Every structure is written in C-alpha cells, then in structure tokens.
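Coordinates in review
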Amino acid sequence: MSYLPLTVVALMAVTILGITAEPVYAMHISEGILPMGWAVLWFLASLPFVVLGLRNLRIRSEKEPHFKAMVGLVGAGVFVISCMPIPVPVAGTCSHPCGTGLAAILIGPSISVVVSSVALLLQALFLAHGGLTTLGANIFSMGVAGSFAGYGIFVLCRRMGLSFIVAAFLAGVLSDWATYATTSFILTGALHADTSFWKMFVTILLAFVPTQVPLGILEGFLSAGAYTFVHSRRPEYLGIFAKGGVA
Amino acid sequence: MNQELAVQASGVTYTYQEGTRALNEVDFWAQSGEFVAMLASNGSGKTTLIKVLVGLLEPQSGIVNINGQNIRKFSRKDLCKHIGLVLQNPVDQLFAATVDEDVAYGPRNLGLTEVEINQRVAESLESVAASELRRRPVHHLSFGEQKRVSMAGVLAMHPSTLILDEPTAGLDPAGEALMMRLLNRLNREQGITVILATHSVDLLPLFADRICVLRHGKVLKQGPADEIFCDHEMINQACLRLPYIADLLHKMKEHDGVPINGLPLTLGEARMRLLELIPEDLITKHPEVKLQ
Amino acid sequence: MNQELAVQASGVTYTYQEGTRALNEVDFWAQSGEFVAMLASNGSGKTTLIKVLVGLLEPQSGIVNINGQNIRKFSRKDLCKHIGLVLQNPVDQLFAATVDEDVAYGPRNLGLTEVEINQRVAESLESVAASELRRRPVHHLSFGEQKRVSMAGVLAMHPSTLILDEPTAGLDPAGEALMMRLLNRLNREQGITVILATHSVDLLPLFADRICVLRHGKVLKQGPADEIFCDHEMINQACLRLPYIADLLHKMKEHDGVPINGLPLTLGEARMRLLELIPEDLITKHPEVKLQ
Amino acid sequence: MFDLFLDFFANRENRLTRMDSRTKMIMALSLIFTVILSTKIILPLIVMAVCVSIMLIMGIPPKIVFLRLIAPMSIVVALVVVQTFSLNGTSFFSVSLFGFHLVATHEGLTHGIMLGSRVLGAISVMILLGSVTPAHKIFHALRWFKVPDTWVEIALLIYRYTFTLADQTTDVAEAQKLRLGYSSVRGSLSSIGVLAGTVITRSMDQAMRTYEAMTLRGYDGAMRFEALPKMPKTESMGLLVVLPVIMATYCVVEWWPK
Ligand SMILES: Nc1ncnc2c1ncn2[C@@H]1O[C@H](COP(=O)(O)OP(=O)(O)OP(=O)(O)O)[C@@H](O)[C@H]1O
Ligand SMILES: Nc1ncnc2c1ncn2[C@@H]1O[C@H](COP(=O)(O)OP(=O)(O)OP(=O)(O)O)[C@@H](O)[C@H]1O
Ligand SMILES: [Mg+2]
Ligand SMILES: [Mg+2]
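Residues numbered from 1 in each chain as written. Chains lettered and ligands numbered in written order. Predicted model: local features only at pLDDT ≥ 70, side-chain atom pairs only at ≥ 80, totals over all residues. Heavy atoms only, no water.

The helix and strand inventory of chain A stands at ten helices and two strands. Listing the helices and strands of chain A from first to last along the sequence gives α-α-α-α-β-β-α-α-α-α-α-α. Going through the 247 residues of chain A one by one, you find that 66% of them count as buried. A sequence separation of at least 24 residues applies to 76% of the contacts in chain A between residues at least 6 apart. Accessible area for chain A stands at about 7,900 Å²; split by element, carbon and sulfur atoms hold 74% of it. (Helix = DSSP H or I, 4+ residues; strand = E, 2+ residues; numbered from the N terminus. Buried < 20%, exposed > 50% of the residue type's maximum accessible area, 1.4 Å probe, protein only. Contact = heavy atoms within 4.5 Å. Areas by Shrake-Rupley, 256 points an atom, 1.4 Å probe, with all protein chains shown as cover.)

This is how it looks when you write it as structure tokens:
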C-alpha cells in the first residue's frame, strides 16, 4: 500500500475543513483530540521553554522596568495580528497568520513562547480554537517550534549578510511551516492508530500543503512588511529588544 | 428627484454583534452640493452611520443609495470616486512614510499614470493648504497638519462627496477655524457635497445647510440650523446645548424679557438684533452696516 | 511664601532628543487651592510642561519645586501623594482589566491594607459619579466614562494637586459640563489644587482663577481671565480666540461703538451689561436679579 | 473585521458568572478529563448536551453557540473520515478513487466517532467556561494554581489592550480599504505588511505611555495583586459533592455491562 490513497482521503478531509471552516483551525490542535498521556507529555515538553521565557523576562525587567509593559503590549499587538483575517488564494477562504515568527524576531524566541501561551489560552477559552488539555501541545508547535525556527533563520540570515527584509520574510515563512510540521507530528502521534507513524505523518503533512504553503508565504510577506515598517519608523524600539539576553 | 441625492440612507438599522443597537431606523440624506452636519453626543451612532454610508458596514435592514443607485451595485473602486471618508484620527489614515507618498497611495491604487498621480497630489495638497509639507515624513507632522494631510489623501481620489468624522476634534481654535473654512471652500467652490459628524455646536450655524441630530441611534430632528436650535427640549434631550451666542440671547429673551426677534445663532446676527434694542443716543459711533 | 506654592517651575527649558525645544525658560506656579489653566494651541508645550511638573521628564535647565521642595528630593511614592496626573487619553491610564482593579492600583502600590484600599476605591468612584461602574470591564466603557474612571484612579491616591491634560477633549457638551463641574467641586470642596491644560477657551472664565497662556514653549501672559482676554493681540498671537460671548460684546463695543463696561466673559456678566443698556420700557418682564 | 472574542456574556451578571472562578475551573477541568478518558460516546455527548443547554438557558444567542461549535464540527468530520480509513478491521465499505482502493472499517468508524464525541464534549465545556468567566478572572485564578505573577501580569496587559489595538487596527484597515489598498495582489501584500507594522508600532507607543501612567501611580517593576479571597464555603462543599458525582458517573458509564 502506498501513501497515495491515504493522501486522497486526507485531502478530502481537509477540503471538508476548508469548506466548513477556516484553515486556521487546522493549526491549533483542538480540545479533546489528544489522549491524556500525549497531552501531559506535550505539557512537560513545553514547560521548560515557558519557564525559561519567564526567567528572561524577569531578569530583563529588573534592569528595565518598562520591559514588561513592552512585552505585554507587543504581545497584544501580535495577538491582534494573529486574528487578522487574510485571504488564502488556494482555499478560497480566509485564514489567520500565526505571528509567532514576527514576535520572535521582535522580542526574542523565549519571551515569544510566553506571549504565545497567553494568546493560546485566550483563543482556547474565548474562541474555541485549540484547547486546555491540548494547550501544551499547541504551545510547543506554535510557540516553541514557531518562535525558535523563525528566530533561528532570522539570525542565520543576518549572519550570512542577507538584508533584514529577506531575513524577516524567511522568519515568517519558516515559523509558519515549522508550526504546521510540528502540529502534524503531534497529531500523527496521537492518531496514527494502525497505520504506520511515518506514513500518517507524511500524509497529514501533504494534506496541509495546499493551504499551508501559501499561508506561510503570506506570513513571510507580513513579517517582512511589519519588520521593515518598524525599522523605518521606530528604529529605537528595535534596540530595546535587541540588547540583553533574550536570544 | 432621486438623482440629486448624493447619499441617501433609508430605514437603516445596525446592531453590533454583541447586541448594541447603534442605529435604529435612521433616515439620512444629502443632496448634491449640500453641507450637512450630523450632530450628536458621544456614542449616539455617528461613526456607525458613517461606516454604513461608505459601505464598510452592511446594515441589517434598510437601504443605502449613492447617487440614486444601491450601494451594493458599486465596486469598491467606483465607490471611491463617489464618496471619500476622512476618519477622526488622522494617524489611522496616514500609512506611507512621507506626505506625498501617502497622498499618492489612493491615486496609485486607481491605476493612474505617474504624471496624473503627481498632479493629483499637488492639487489636493494645495487645496488643504499643505503644499509646503510635501516632502516631510508623516510622523513628524503636528496634529493639525496630519488632519489636513489625511484629508488630502482622500481628496486625491476626487470623490464627489466628502464625509468627515469629527474633523475639528482635538484642534485648537485657529486650527478649527482653518478646517471649517477649508471645508466651506471645498463645498462652495468645488461643489463637493460635505457631510460631517461632530458634537461641537458653535461653528455649525455658520457653515451647515442642514443639521441632523441623532440620539441613541435615532434621528431626533433634521433641518436648517435655526429650526434645530429653536427646539430647546430636543437639544437637551440630545445632551447638546445651544451655541453660546444663542444661549445668551435666549436667556435674555426668556428670563429677562428682552424682546429679541427670532433666535440669532451667529455673531453677526446677534449683533444686529441687539443693536436694534439699544437706543441710538447711547451709541458713540454709528453702527457699521457691514456686519461680520 | 514659597510654602503656599503647591507647584512651582522656574526657568524650565526642555528640548526633545531630536532637537525640538518644547519649553523655553518657562515659569509656572500654582498656589495651594488654586484653579490654574494652561491655555495654548496645539504643540505649544502643554503636555511637555505637565510631564516636567510631575517628574516624568527631567528639564535640561530650571527647577521644579513641589510644596517648596525640589522635586528630585521626592521618591516616586511621596510624589504620588502630592501630585496626580490625569492623562489626555484615558486608554493610556486604564491598564487594569476592571474599573475597581484599576482604581485600586495606585492605593495598592502605596501599601495600604485591603480595607483602606476598598474604601478609597468606593470614595473616589463616588466623587467622579461613577460608583455604578465599579465591576465593569474597562474596555467596555464609553469615552466619557473612561475619562471619569481614569480620574478616580488618580484621586484614589489622595493627591493634594491634580493636573489634567485636556480633560474635556473629545467630550460632548454634556460631558464637558459634567467634567468641569466635577473639577470645580474637587477644587472648592476638597481644596484640591487643580491645574489643567486645554485649548478650549469658552469654559475657562467661569472656573479658572488664573490662566497661563503658552506659545512655542514660552509663557506669553499669565493672570486672571479678564486680564488675559483683554489682550487681544496676545490672544491672536497665541492662535487662540476670545470666548464667543466676549467676542460678541467686544465686537459690539469696538465696531458698533456700544458703551459696554469692561469685557464680560461669562454669560451672566454679559446679560447684566447688556441689560444696563436696553431701555426699561422695552423689557416685558422685570429683570430677575439672580442672574446665572 | 476581527473574530475577536466576545467577552460580553462573561461580564453579565448571573448565578454562574458570580461563582468563584476557581470552582468553575476545577469543575471544567474535571469534566474535560472525564470526557477525554471516556471510551464510550454517551458520556461526552451528555456533557455536550448539558453545556449547550446551560448556555442557551443563560440567554446566549443560539447563533453564537452554533458559530462556536461549527469549527469543532468540521474537525470531527475530518477525524471520523481519517480514522475510518486508517484502522484495520472488518471492512463495510470500499471505494476506488483515482484507481486506489480505500477500505473503511467498522472499527475505524467507531473509533472515529468516539474521538469526535470527545472533541465535541470537551469543547462544549470549554466554551461554557469561557462564557461565564471573564479572562481577567481566569488569569487571577491561575495564580492560585501557582502560575507565576509575571505570567499573569503579561496576560492581563495583553487582554486589556487587545481590544484597543483591535479597534485601531480596524480603523487603519478600513482606511486602506477605502483608498483601494486591497485592489491588487501586490497592493494587498504591501498593505498587510503596513497594517501589521502599524499595529506593532502602535503597541510599542502604547507600551511607553502605559508605562508612564503606571509609574505615576507607583509602579516599581512588578504589579501588586490583591490577595485571592478564600474560596466560599458553600462552593468548596459543592465541589466535594460534585466531583465524586462526576467520577461515579464516569465509572458507571465506563463499566456498564454491554
Ligand atoms: N465595534 C463596536 N462593537 C460594539 N459596539 C460598538 C462598536 N462601535 C461602537 N459601538 C457602540 O455603538 C454605539 C454607537 O457608537 P458610535 O461609535 O457610532 O458613536 P459616535 O456617535 O461615533 O460616538 P463618538 O462621538 O464617541 O465617536 C455606542 O453605544 C458604542 O458603544
Ligand atoms: N516625544 C517627542 N519627541 C519629540 N518632539 C516632541 C515629542 N513630544 C512632543 N514633541 C514636540 O514638542 C512640542 C510641544 O509638544 P506638546 O505635546 O508638549 O504640545 P501640547 O501643547 O501638549 O500640544 P497638544 O495640544 O497637541 O497636545 C511640539 O512641537 C511637539 O512636536
Ligand atoms: Mg465616533
Ligand atoms: Mg498635549
């Protein structure tokens, strides 16, 4: 048996998703999908990153008392951006950017994890995107994977001497794709049942390609545009976050 | 007859998602070339009505016609040519880095050539008296300058109707007077229909052809300034007040029993009415007739 | 004598980083219990001066004294007890989730007990007529309510001086009147020194003991309302205007030669002066003496 | 333009909103755990029915409840389809699509439906919790569950300013739309970038102003919070009754003989 029949099925499933809802729901792992064991496991996996972020935050804000307000407000800004509906050409519907790539290159990856955890809790409770028991898994895919992938590629590009526009673009793209790959991975772990893990993983990954590839590129444009905007209008603010041990 | 109506809303009801009924069966219209003011206290639905008129919000019931055609029949691009909106907060409306880039944003999206764009930028900055700001970065402008530049950005799309949400809010007296004179000029000289929302009463009598008073999403009264301000009960109900001058003369008439003709709303009129009452021999110079 | 000065700034100069000199050798003071207004057009330096007075900005030269003591000698906590600032935009100041949490924020930082905190919250919400808003989430309040609640948050710290940046900006006539009466009451009944910055001239004569006119970071003139508004040249130079009533009577006096005593600034006064001129036989009722 | 959450219902006054948020959270979590641990579809469906009825009785418009549930519905459908074809077992149905042979199994279908019912049950509990508890109360209650103050402080700021920033963003986006910013693909991409950039610079400006305002009211680097009140006696007693009932129901349903 090859991957292909399964892919067809999964494509059907995603089409159903695409017709009835916005693709964003696919990015958050819904409440109730993960069995208890997996839920706990992913909580434990993302906990150290949240703790690290909080520690960085506390250390920074002892030196600069305005730092927490800054993080809170940038967090609110990124949350608002992540609620912005943007049209996805292929799916014919609207979706939402994640904004984690942007957050990571603005305030650093570990603090970005903290901010995502708040955003995810708010979305779970008040929008029914994601969930409480799946919060750990979502923090891991969106917060940890998204932030560190985005930030990593940004730093790498800058080291290689690429312009910050390209770096911010790639940060946006890769954070989105990293999130979706991780989400697929987590879902596979919980749902692969009698099918082999890798087969299912590749299937889910392929099934999301039509929506997530363009969405990632859109997110790249968004990050690049936003970063350039801040860079040209308020360069002093970038300095606030660039120094210190947030990276 | 409908042809003459630049903007017409009939029976418009709008309820926000969580249940606030911001507009309740509102009828509102503006004839071509008219200067109409929506006068209302905070939270009465001015901004909501404006958003319905430019098609940003879709009312739950009621019809909006632009130049006699249902607004839904227009594409966004066509709509732009008919109607332009200047938001209350200029910062929301200035998104390019420099003044000329910002003003060029709309024309560029209309697909004009660079030459046309340049011409429109020059001419619309001219008409808001901001030509010398052309090369300045947007975020260094003062509040009054921002207001005028954001207006230029809308004027550059050549709308035949201009809607303004509280154009004088936050401006000092000089800026306020400048803005009102500007609007008056656009209206009288270029024939642009002007609709403005405001809660300041003092400047309106001088400029507005017609005033529409809203309260809690309903139209309380609609008519020329003198009709509106005669109805004291309605004014109070709308949480507004008379213009200061009118208030003075009204008090003198009602409480002191001074026989004043009508209710003067503007300074010039008030002078005229008062001078009629004061004996000539008290007056040291002869009253000049060219009042105001 | 210095003891009586609640706030005093002498020779204060402040230049922003990119080079705008926002304040230039400004002298400003307020006596305990006084109601002082800073009157100036947009961009004249009101907000900058206020920030210097509360110690948010450190002037490049000049001294600021609070109750006769140099402001640098105060810790932030002590300063809070002497001086409270209500910002222009209530959104900046309401950072907690609900009204009572927000009002309790200051007292809690002062280290009071929960009982005292509760009492202060209740009493300061009471004094801005907002007790019924207590449990409401801040982001659902209307603009006028936000303004009052943000004032309560400052009052809860029991400052002896209250500074307000454009307290009536953006409010409709009813809200404006409510706010001014509130400030007047705080000033007369509780003896709180009130300093407010504004560019609206009409309400000031009724309330302010003293007005200080700024322009381009300099003090143009300082004195009681009648002195300030007599100096027409200075008023024009400051991009301001006379209050409407004063303008009417001024024009009648100057252009029409009507012999009016002094320059009435308030409605009541204007009525009195005008009634003096109108022959008794024209008046249908007897003028009531309880004017205003 | 945003499907931002409506916290309007959570701020209304009724018996459930008045209840201590810790009580509500403990109850919600234990319900969700039971639902997730359940291997029968009946328990999650009962939970869902109860939660939805409570919301309707509380006067939340059916339209909003429905809108909130539609997203999980589609997830459920996808879940059922995927599971039906990915479990081994007795086939009851097979199709050939593009030359591939797909086998649907009874076991897969049953398992898919069971997973789907869990999703529906758990999400209904979550929506109900969100409809009767405002976010700030949940954040404060989290302190009781030993979430660090720093996290709560950030969360409260995010919650407070989300609404303000969303309003401003709407205004900017509308201004762009009115000047045809989204009339071409290129224009849209750059407009979205500018919009996001505006939000970020706005939020940073707001941060500085908020920080100044906090300083003026005695902020010294950490927000002070009110000590959490003791849990009302009636409610802790109530929990002592309700939790065992939930557990017992779970056990009965789970081990009910076929
Ligand atoms: N986005 C929104 N969501 C929900 N309710 C809203 C929204 N915008 C406005 N409202 C409510 O609708 C009513 C009318 O608001 P609107 O902004 O139209 O008034 P306004 O006359 O423009 O007031 P202002 O003078 O303060 O600008 C108010 O009660 C307001 O609280
Ligand atoms: N943060 C800043 N950086 C640089 N220049 C500034 C800053 N804030 C204000 N200015 C400039 O300082 C001058 C005084 O500004 P200020 O805000 O004190 O005026 P204002 O009287 O409060 O005006 P408004 O009535 O518009 O509030 C203005 O020219 C302004 O452009
Ligand atoms: Mg409005
Ligand atoms: Mg100011």
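Before going further, it helps to examine the overall build of chain D. Within chain D, the regular secondary structure consists of nine helices and two strands. Ordered by position in the sequence, the α and β elements of chain D form the string α-α-α-α-β-β-α-α-α-α-α. Here the C-alpha radius of gyration of chain D, 24 Å, is well above what a compact globule of 258 residues would show, namely 18 Å. Dimensions of chain D, computed from the C-alpha atoms along their principal axes, are close to 70 × 60 × 35 Å. In chain D, which comprises 258 residues, the proportion classed as buried is 58%. Considering only intrachain contacts with a sequence separation of at least 6, the fraction spanning at least 24 residues in chain D is 68%. As displayed, chain D has an accessible area near 11,000 Å², and 70% of this comes from carbon and sulfur atoms. A gap of 5 Å separates the mean positions of the 23 positive and 16 negative side-chain charges of chain D. (Rg over C-alpha atoms; globule rule 2.2 N^0.38 Å. Lys, Arg positive; Asp, Glu negative; His and termini not counted. Charge placed at Lys NZ, Arg CZ, Asp CG, Glu CD.)

All names here are of chain B. Surveying the vicinity of ligand 1 reveals 14 residues, the closest of which are G43, G45, K46, T47 and T48. Y16 has a polar side-chain atom sitting 3.4 Å from a nitrogen atom of ligand 1. For ligand 1, whose free accessible area comes to 630 Å², the fraction covered by protein is 66%. Of the residues contributing to the shell around ligand 1, the split by class is two nonpolar, nine polar and three charged. (Near = heavy atom within 4 Å. Polar contact = N/O pair within 3.5 Å; in protein donor to acceptor, adjacent residues only side chain to side chain. Nonpolar A, V, L, I, M, F, W, Y, C, P; charged D, E, K, R; others polar.)

The next thing to look at is the site of ligand 2. Residue and element names in this part refer to chain C. Near ligand 2 there are 14 residues, and of these E18, G43, K46, T47 and T48 occur at the shortest range. The side chain of Y16 places a nitrogen or oxygen atom 3.4 Å from a nitrogen atom of ligand 2. Within the side chain of N42, one N or O atom sits 3.1 Å away from an oxygen atom of ligand 2. A total of 630 Å² of accessible area belongs to ligand 2 in isolation, and the protein chains cover 66% of it.

Counted under the stated rule, the structure contains 38 salt bridges over all chains. Here K46 of chain B ties to E166 of chain B by a salt bridge, and the two come within 3.8 Å at their closest N and O atoms. In this pair, K46 of chain B is assigned in helix α1 (residues 46-53) and E166 of chain B in the loop between β7 (161-165) and α6 (173-189), connecting sequence segments 120 residues apart. What makes E166 of chain B buried here is its relative accessible area of 8%. Close ionic contact of R273 of chain C with E276 of chain C constitutes a salt bridge, the shortest N to O distance being 2.8 Å. With R273 of chain C and E276 of chain C both in helix α12 (residues 267-277) and three residues apart, the pair spans about one turn of that helix. The structure contains a network of salt bridges with shared partners spanning K51 of chain B together with D171 and E174 of chain D. (Salt bridge = Lys/Arg side-chain N within 4 Å of Asp/Glu carboxyl O.)

Between chain D and chain A, the contact holds 78 residues from the first and 77 residues from the second. Looking only at chain D, the three residues that lose the most surface to chain A are M126, W151 and M204 of chain D, adding up to 10% of its buried area. Inspection of the chain D/chain A interface yields two salt bridges. Note that R234 of chain A is salt-bridged to D205 of chain D, the shortest N-O span being 2.9 Å. Our count for the contact surface shared by chain D and chain A stands at nine residue pairs in polar contact (both at pLDDT 80 or more). Sorting the residues of the side of chain D that touches chain A by element identifies α2 (21-37), α4 (62-86), β2 (100-105), α5 (106-132), α6 (135-144), α7 (149-178) and α8 (185-216) of chain D as the ones contributing at least two each. (Buried area = accessible area lost by both parts, 1.4 Å probe.)

Residue and element names in this part refer to chain C. Strands sit in the order β2-β1-β4-β5 across an open sheet of four strands; the sheet is antiparallel. Because the sheet does not close on itself, it has two edges, and the strands there are β2 (21-31) and β5 (69-70). Both strand β1 (residues 5-15) and strand β4 (residues 61-66) contribute to a ladder of five bridges, which runs antiparallel. Across the sheet, residue V7 finds its bridge partner in β4, namely I66. (Pairing = 2+ DSSP bridges.)

Our focus in this paragraph is the pairing of strand β9 (residues 210-215) of chain B. Sheet faces and side chains relate simply in a regular strand, where the side chains alternate between the two faces. Residues and elements named next belong to chain B. Buried residues dominate β9, accounting for six of its six residues. Burial along β9 is two-sided: the face carrying R210, C212 and L214 and the face carrying I211, V213 and R215 are both buried. Bridge count between strand β3 (residues 35-39) and β9: four bridges; the pairing is parallel. Residue V36 lies in a different strand from β9, and its bridge partner there is R210. Taking the residues between adjacent antiparallel strands as the criterion, β9 and strand β10 (residues 218-223) are bridged by two residues, where H216 takes a positive phi near 45°.

Before going further, it helps to spend a moment on the side chain of S44 of chain C. Residues and elements named next belong to chain C. For S44, the location among the structural elements is in the loop between β3 (35-40) and α1 (46-53). The exposure class of S44 is buried, given its relative accessible area of 1%. Ignoring anything within four residues of it in the chain, the contact list for S44 reads A22, L214, R215, H216 and G217.

Core analysis: the largest hydrophobic core is formed by 212 residues, its most contacted members being F28 of chain B, F28 of chain C together with F139 and W151 of chain D. Beyond its immediate chain neighbours, meaning those up to four positions away, F139 of chain D contacts V118, L121 and L122 of chain A together with W151, V152, A155, L156 and Y159 of chain D. F207 of chain B together with L162, L182 and L240 of chain C belong to the second-largest nonpolar core, a separate cluster that totals 130 residues. (Core = buried A, V, L, I, M, F, W, Y, C linked by side-chain atoms within 4.5 Å.)

Moving on: the interface of chain B and chain D. Counting residues at the interface gives 22 residues for chain B, matched by 17 residues for chain D. Regarding the contact of chain B and chain D, the summed buried area is about 1,900 Å², with carbon and sulfur atoms giving 61% of it. Summed over the three residues of chain B that lose the most area to chain D, namely E18, D92 and F95 of chain B, the buried surface amounts to 29% of that side. For the pair chain B and chain D, the number of links is four salt bridges. Of the charged contacts, one joins D171 of chain D and K51 of chain B as a salt bridge, the two residues approaching to 3.8 Å between their closest N and O atoms. In this assembly, chain B and chain D are joined by eight residue pairs in polar contact (both at pLDDT 80 or more). Elements with a contribution of two residues or more to the side of chain B that touches chain D: α2 (76-82) and α3 (99-109) of chain B. Looking at the side of chain B that touches chain D element by element, the count peaks at five residues for α3 of chain B.

Let's shift gears to the packing of helix α11 (residues 244-254) of chain C against α12 of chain C. All names here are of chain C. Relative to each other, α11 and α12 sit at 25°, their axes nearing to 10 Å. As summarised for this structure, α11 and α12 are arranged roughly parallel, according to the angle between their axes. Here α11 and α12 pass one another in a crossing that is left-handed. For the pair formed by α11 and α12, the contact residues are I245, L249 and M252 on the first element and L267, A270 and L274 on the second. (Axes fitted to C-alpha atoms, helices over the stretch in contact; angles between N-to-C directions. Parallel < 35°, antiparallel > 145°, perpendicular 65-115°, else oblique. Left-handed = near helix turned anticlockwise from the far one by under 90°.)

You can see S124 of chain B is positioned in helix α4 (residues 114-127). Setting aside anything within four residues of it in sequence, one finds S124 of chain B in contact with V103, A152, L155 and A156 of chain B.

Once that is clear, we can look at the packing of aromatic side chains. The geometry of an aromatic ring pair comes down to the distance between the two centres and the angle between the two planes. According to the stated counting rule, one finds 21 aromatic pairs over all chains in the structure shown. Considering the side-chain rings of F95 of chain B and Y105 of chain B, the 4.8 Å spacing of their centres and the 65° angle between planes classify their relative orientation as edge-to-face. Note that F95 of chain B is positioned in the loop between β6 (83-86) and α3 and Y105 of chain B in helix α3, a separation of ten residues in sequence. The pair formed by F95 of chain B and Y105 of chain B is uniform in burial state, with each residue classed as buried. Ring pairs connect the aromatic residues W42, F49, F140 and F148 of chain A, which therefore count as one cluster. The ring of Y244 of chain C carries R241 of chain C above its face, with NZ or CZ at 4.1 Å from the centroid. Taking NZ or CZ as reference, R22 of chain D lies 5.4 Å from the ring centre of W144 of chain D, over its face. (Phe/Tyr/Trp six-rings, centres within 6.5 Å; stacked < 30°, edge-to-face > 60°. Lys NZ or Arg CZ within 6 Å of the ring centre and 35° of its normal.)

Turning our attention to the pairing of β1 of chain C. All names here are of chain C. For β1, the tally of buried residues reaches nine of eleven residues, placing the bulk of the element in the interior. Pairing of β1 with β2, which is carried by seven bridges, proceeds in the antiparallel orientation. Of the residues in β2, the one forming a bridge with V7 is A30. Here β1 folds back onto β2 in antiparallel fashion, the turn holding five residues, of which G19 has a positive phi close to 110°.

These values are about where atoms sit, not about what they do.
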